[in-house]
Amino acid sequence: MTTHDAHHVDAVVVGGGLAGLAATYRLAERGARVALVEKRDRLGGSSAMSGGWFALSGTAVQRRAGVDDTSDTFLADMVESGGGFADEKLLRRLVEREGHAIETIERARAWTDELKVSAGMRVARAHLVRIPELLAFLEQQATQHGATVWRANAATSLAWDGSRVVGVRTEHAEFHARAGVVLTTGGFSRSQELIELFVPNQSGAMPYGGAGNSGDGLRMAWMLGAGFADIGHVGGTYGQHAETTDEEHELLTANYLGAILVDADGDRFTDESASYKILGTAVLKRPQRLAHQIFDAVVRARSRPGVPLSDMERIDELGHLVRAPTLIDLEEKLGIPPGRLVRTVDAYNEGVAGRRDDSFGRTGLVNGVGALVPIATAPFFAYSAVTALTSTYGGLSVTPDTAVTRVDGTRIEGLYAAGELVGGFHGASYMTGTALTKALVFGIEAAHTIAGSGHLVVSRSN
Ligand SMILES: Cc1cc2nc3c(=O)[nH]c(=O)nc-3n(C[C@H](O)[C@H](O)[C@H](O)COP(=O)(O)OP(=O)(O)OC[C@H]3O[C@@H](n4cnc5c(N)ncnc54)[C@H](O)[C@@H]3O)c2cc1C
């Protein structure tokens, strides 16, 4: 290891998205000397591209909106969303520590009043947070407390002294970490090789997420015998236009406002109120791997300008909202075989009117909540969307205090992980907003674990 002082630190954090910035900020605030190394020339990763929805319970935003929610309900919903596959110990720690996330968002002045029910929730628990403000706050606080940030400097391997992880090798330097290394490199949505290896059924999904998210942290920990969790459940998200760009993620889930989904042949194929992860996998099996969101003027009026997933104005501006005076015209514009869309909509409307059971068991707008509406008021609209692999929610096995564990469950001393590269939280499905919450809560948790590990000699006074 080099003897250059800037490279001898208490902790090295690898990856500058939300989890990494949260760990760096809290470590630096606790007086630790921290180096944050980032692969790309700018920080942010998938966090900066995200919709900014955080799943949180017991917040002031919920109280103001009259929503009664508790950490017990939140926990129960996450357990249910995970279909019995998520690690309850991790979820329990998440709700025990969600206060750290709430307090940090407060300090960053990043709250909005936007609150909604989304996938996996029985009450309105998805909070829209101004993610650019939150990330900027964390970076500013971290550097103000002396953390050094190294951009365009990808970590390539972990240094192991025979009993613990003692540092990180990067493209341009070697860092020695007295107290620990925190991996926060995000997922592997940009690695076709790992997608083919772990989840070949998702290889038809559009690769998305942070451009640097190619699973580097997984590989580095894997070299030291790390275990994996949830990896086979990784699934793409339905709802993006095929021409979405890295600069602007174009995402609409009008189905949660009352639209139905039909495939390229004009047929429904699923309960549209299910998690957009479940929908993502279902859409990959349909012709042309796409589904049209079909809705009418009533649902169109439910658009929320500026609110990710519900903003139809922006989709319209981008020229991607198809509009027609009748369903027959809409069908023609979409290239659906004649008569199919009208038949599908008629059958759906019969179900909404209570004259028959819904063919796919749909009973609500989202997750069983919200009254269904018929698709009946002109003009009619369509948004054609595909499945994108925005995030890969399976990954390293960890303890609730963020230590990476080997395949036999023992801790890899000196190695911690937080954020999207960690498995065990989501199980078979995904509750909207839990990825950002998990990144923030467990980035902070990793910092607290290192601070309490006995290896941290506070090297500066603040
Ligand atoms: C378009 C989109 C919308 C989303 N919306 C939501 C939402 O509304 N709510 C929600 O909960 N989740 C959402 N997600 C998922 C969520 O954003 C991510 O799971 C979360 O931000 C991951 O945070 P992270 O800190 O773990 O990783 P990231 O924010 O991806 O950060 C990882 C960082 O590590 C860097 N890195 C990678 N390899 C190396 C290396 N070898 N050396 C150094 N640095 C490295 C990357 O460049 C990146 O900067 C969304 C994702 C996308 C793509």
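Just so it is clear, the structure is predicted and the values come from calculations on it, not from any experiment.

Rules behind the numbers
- Residues numbered from 1 in each chain as written.
- Predicted model: local features only at pLDDT ≥ 70, side-chain atom pairs only at ≥ 80, totals over all residues.
- Heavy atoms only, no water.
- Buried < 20%, exposed > 50% of the residue type's maximum accessible area, 1.4 Å probe, protein only.
- Helix = DSSP H or I, 4+ residues; strand = E, 2+ residues; numbered from the N terminus.
- Pairing = 2+ DSSP bridges.
- Right-handed = clockwise from strand over helix to strand, strands pointing away.
- Axes fitted to C-alpha atoms, helices over the stretch in contact; angles between N-to-C directions.
- Left-handed = near helix turned anticlockwise from the far one by under 90°.
- Contact = heavy atoms within 4.5 Å.
- Nonpolar A, V, L, I, M, F, W, Y, C, P; charged D, E, K, R; others polar.
- Domains from an automatic or database assignment.
- Buried area = accessible area lost by both parts, 1.4 Å probe.
- Salt bridge = Lys/Arg side-chain N within 4 Å of Asp/Glu carboxyl O.
- Polar contact = N/O pair within 3.5 Å; in protein donor to acceptor, adjacent residues only side chain to side chain.
- Phe/Tyr/Trp six-rings, centres within 6.5 Å; stacked < 30°, edge-to-face > 60°.
- Lys NZ or Arg CZ within 6 Å of the ring centre and 35° of its normal.
- Near = heavy atom within 4 Å.
- Areas by Shrake-Rupley, 256 points an atom, 1.4 Å probe, with all protein chains shown as cover.

### Some remarks on the pairing of strand S2 (residues 34-37)
Because side chains alternate across S2, one face comprises the buried residues Val34 and Leu36, and the other comprises Ala35 and Val37, equally buried. Summarising the sheet, strand S1 (residues 8-14) and S2 pair through 4 bridges and their orientation is parallel. By the bridge assignment, Val12 is partnered in S2 with Ala35. You can see the chain leave S1, run along helix H1 (residues 18-29) and come back into S2, and the turn it takes is right-handed. With 3 bridges connecting them, S2 and strand S6 (residues 148-150) associate as parallel partners. By the bridge assignment for S6, Leu36 is matched with Val149.

### Things to note about the packing of H1 against helix H14 (residues 434-451)
For the pair H1 and H14, interaxial distance at closest approach is 7 Å and the crossing angle is 35°. Viewed along their axes, H1 and H14 form a crossing whose handedness is right-handed. Here Leu18, Ala19, Ala22, Ala23, Arg26 and Leu27 of H1 lie close against H14, whose contacting residues are Leu436, Ala439, Leu440, Gly443, Ile444, Ala447, His448 and Ile450. For the contact of H1 with H14, the residue count by class is 11 nonpolar, 2 polar and 1 charged.

### Considerations on the environment of Tyr25
With respect to the element layout, Tyr25 can be found in helix H1. When its relative accessible area of 0% is taken as the criterion, Tyr25 is described as buried. In this view, Tyr25 contacts Thr104, Arg107, Phe137, Leu138, Gln141 and Ala142; residues no more than four positions away in its chain are not counted.

### Observations concerning the domain arrangement of the chain
Segmenting the chain into domains produces domain 1 (5-234 + 393-451) and domain 2 (237-389). Using C-alpha coordinates to define each centre, domain 1 is positioned 32 Å away from domain 2. Every contact between the two is made by 28 residues of domain 1 and, on the other side, 26 residues of domain 2. Interface of domain 1 and domain 2: buried area, both sides summed, is about 2,200 Å²; carbon and sulfur atoms make up 60% of it. A per-residue breakdown of the area domain 1 buries against domain 2 is headed by Gln202, Met206 and Tyr208, which together make up 27% of the total. At the junction of domain 1 with domain 2, the criterion picks out 2 salt bridges. Between the two partners, domain 1 and domain 2, sit 9 residue pairs in polar contact (both at pLDDT 80 or more). Those elements that provide at least two residues to the side of domain 1 that touches domain 2 are strand S4 (111-116) and strand S10 (206-207). Counted by class, the side of domain 1 that touches domain 2 contains 14 nonpolar, 10 polar and 4 charged residues.

### Considering the packing of aromatic side chains
The relative placement of two aromatic rings is captured by the distance of their centres and the angle of their planes. Going through the model one piece at a time under the given rule, you end up with 11 aromatic pairs. Taken together, a centroid distance of 6.3 Å and an interplanar angle of 40° make the contact between Tyr256 and Tyr276 tilted. Here Tyr276 lies in helix H9 (residues 276-284) and Tyr256 lies in the loop between strand S12 (237-240) and strand S13 (260-262), a separation of 20 residues in the sequence. On the accessibility criterion, Tyr256 (9% relative accessible area) is buried. Taken together, Phe188, Phe198, Trp222 and Phe228 form an aromatic cluster joined through their ring pairs. Across the ring face of Trp53, the terminal group of Lys116 is positioned such that the distance to the ring centre comes to 4.2 Å. The ring of Phe381 carries Arg300 above its face, with NZ or CZ at 5.8 Å from the centroid.

### Considering the site of the ligand
The full set close to the ligand counts 41 residues, and Glu38, Ser47, Asn213, Asp216 and Glu420 are the nearest of them. Taken by itself the ligand offers 1,000 Å² of open surface, and the protein chains cover 98% of this. The set of elements that each furnish at least two residues to the shell around the ligand consists of H1, helix H2 (45-49) and H14. Tallied by class, residues from the shell around the ligand come to 14 nonpolar, 22 polar and 5 charged.

### Quick look at the pattern of salt bridges
Inspection of the entire model under this criterion finds 30 salt bridges. Put simply, Asp77 and Arg122 hold a salt bridge, and the shortest N to O gap is 2.6 Å. Here Asp77 is found in helix H4 (residues 71-81), whereas its partner Arg122 is found in the loop between S4 and strand S5 (126-129), with 45 residues between them in sequence. Among the residues examined, Asp77 registers a relative accessible area of 4% and is labelled buried. The exposure class assigned to Arg122 is partly exposed, which follows from its relative accessible area of 45%. Look at the salt bridges and you will find they share partners, linking Arg26, Glu29, Glu103 and Arg107 into a network.

### A look at the environment of Val12
Mapped onto the elements, Val12 comes out in strand S1. Separated by 135 residues in the primary sequence, Val12 and Ala147 have C-alpha atoms spaced 9.9 Å apart.

### Let's talk about the pairing of strand S14 (residues 291-295)
Among the 5 residues that make up S14, 5 are buried, leaving the element largely enclosed by the rest of the structure. Alternating positions in S14 separate into two faces, Ala291, Gln293 and Phe295 on one and His292 and Ile294 on the other, with burial throughout. Relative to S14, S13 runs antiparallel, the two being bridged by 3 bridges. Note on S14: the bridge partner recorded for Val262 is His292. In this sheet, strand S16 (residues 380-389) lies alongside S14 in antiparallel orientation, the contact comprising 5 bridges. Within S16, the position partnered with Ala291 by the bridge is Ala385.

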